[in-house]
Amino acid sequence: MMRLYDYDFCHGIVHGGWGGGIIGSLNDMRESLWENFREMDFENADAKEEMRDVIEEMTAEINDLISDIQSVHFR
């Protein structure tokens, strides 16, 4: 029986192929968050710290998602 999605197809989606794959897109997203944060002009230190906390939480979620995706093994 032929499988609809073989190893090469799945590996390509996750690690490469279309726009760098899912992992590449998540890495780009994480970098964009920090780049945008560095470019923001904050009125006060409290707002900057609050936004830093939000970015750190989002980054942690992206890192967890990348780890979960990388833990999947294709046959």
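This text follows the structure it describes.
In this text the structure is predicted, and so the values were computed from the model without any measurement.

**Student:** Give a description of the overall build of the protein chain that names residues and reports values.
**Tutor:** Per the secondary structure count, the protein chain includes three helices and zero strands. Going from N to C terminus, the protein chain has its helices and strands arranged as α-α-α. In terms of overall dimensions, the protein chain is more spread out than a globule: its C-alpha atoms have a radius of gyration of 17 Å, far above the 11 Å expected for 75 residues. Dimensions of the protein chain along its principal axes, counting C-alpha atoms only, are 65 × 20 × 10 Å. Within the span of the protein chain, comprising 75 residues, buried residues form 21% of the whole. Nonlocal contacts in the protein chain, meaning residues at least 24 apart in sequence, comprise 56% of its contacts between residues at least 6 apart. Here the protein chain has roughly 6000 Å² of accessible surface; of this, 53% comes from carbon and sulfur atoms.

**Student:** Talk me through the packing of aromatic side chains; I want residue IDs and the actual numbers.
**Tutor:** Taken as a whole, this structure holds two aromatic pairs when the rule is applied. With a centroid separation of 5.7 Å and an interplanar angle of 85°, the aromatic rings of tryptophan 34 and phenylalanine 37 are classed as edge-to-face. Taken as a pair, tryptophan 34 and phenylalanine 37 lie in helix H2 (residues 21–39) at a separation of three residues, close to a single helical turn. Here the two residues tryptophan 34 and phenylalanine 37 agree in accessibility, since each one is buried. With a centroid separation of 5.5 Å and an interplanar angle of 50°, the aromatic rings of phenylalanine 37 and phenylalanine 42 are classed as tilted. Residue class for phenylalanine 37 comes out buried when judged on its relative accessible area of 6%. Following the ring pairs from residue to residue traces out a cluster consisting of Trp34, Phe37 and Phe42.

**Student:** Describe the pattern of salt bridges, and please don't skip the residues or the numbers.
**Tutor:** Considering all chains together, one arrives at one salt bridge under this definition. One salt bridge connects glutamate 49 with arginine 52, and the closest N-O pair in it is separated by 3.7 Å. With glutamate 49 and arginine 52 both in helix H3 (residues 45–70) and three residues apart, this pair spans about one turn of that helix. On the basis of relative accessible area, glutamate 49 is assigned to the partly exposed category, the value being 40%. Residue arginine 52 is classed as partly exposed on the basis of its relative accessible area of 27%.

**Student:** Tell me about the side chain of arginine 30, residues and numbers included.
**Tutor:** Within the secondary structure, arginine 30 sits in helix H2. Buried charge arginine 30 goes without a salt bridge, the closest partner of opposite sign being glutamate 31 at 4.1 Å. A polar side-chain atom of arginine 30 sits 2.4 Å from a polar atom in the side chain of asparagine 63. Look past the residues within four positions of arginine 30 in its chain and what remains in contact with it is Thr59, Ile62, Asn63 and Ile66.

The rules behind the values
- Residues numbered from 1 in each chain as written.
- Predicted model: local features only at pLDDT ≥ 70, side-chain atom pairs only at ≥ 80, totals over all residues.
- Heavy atoms only, no water.
- Helix = DSSP H or I, 4+ residues; strand = E, 2+ residues; numbered from the N terminus.
- Rg over C-alpha atoms; globule rule 2.2 N^0.38 Å.
- Buried < 20%, exposed > 50% of the residue type's maximum accessible area, 1.4 Å probe, protein only.
- Contact = heavy atoms within 4.5 Å.
- Areas by Shrake-Rupley, 256 points an atom, 1.4 Å probe, with all protein chains shown as cover.
- Phe/Tyr/Trp six-rings, centres within 6.5 Å; stacked < 30°, edge-to-face > 60°.
- Salt bridge = Lys/Arg side-chain N within 4 Å of Asp/Glu carboxyl O.
- Lys, Arg positive; Asp, Glu negative; His and termini not counted.
- Polar contact = N/O pair within 3.5 Å; in protein donor to acceptor, adjacent residues only side chain to side chain.

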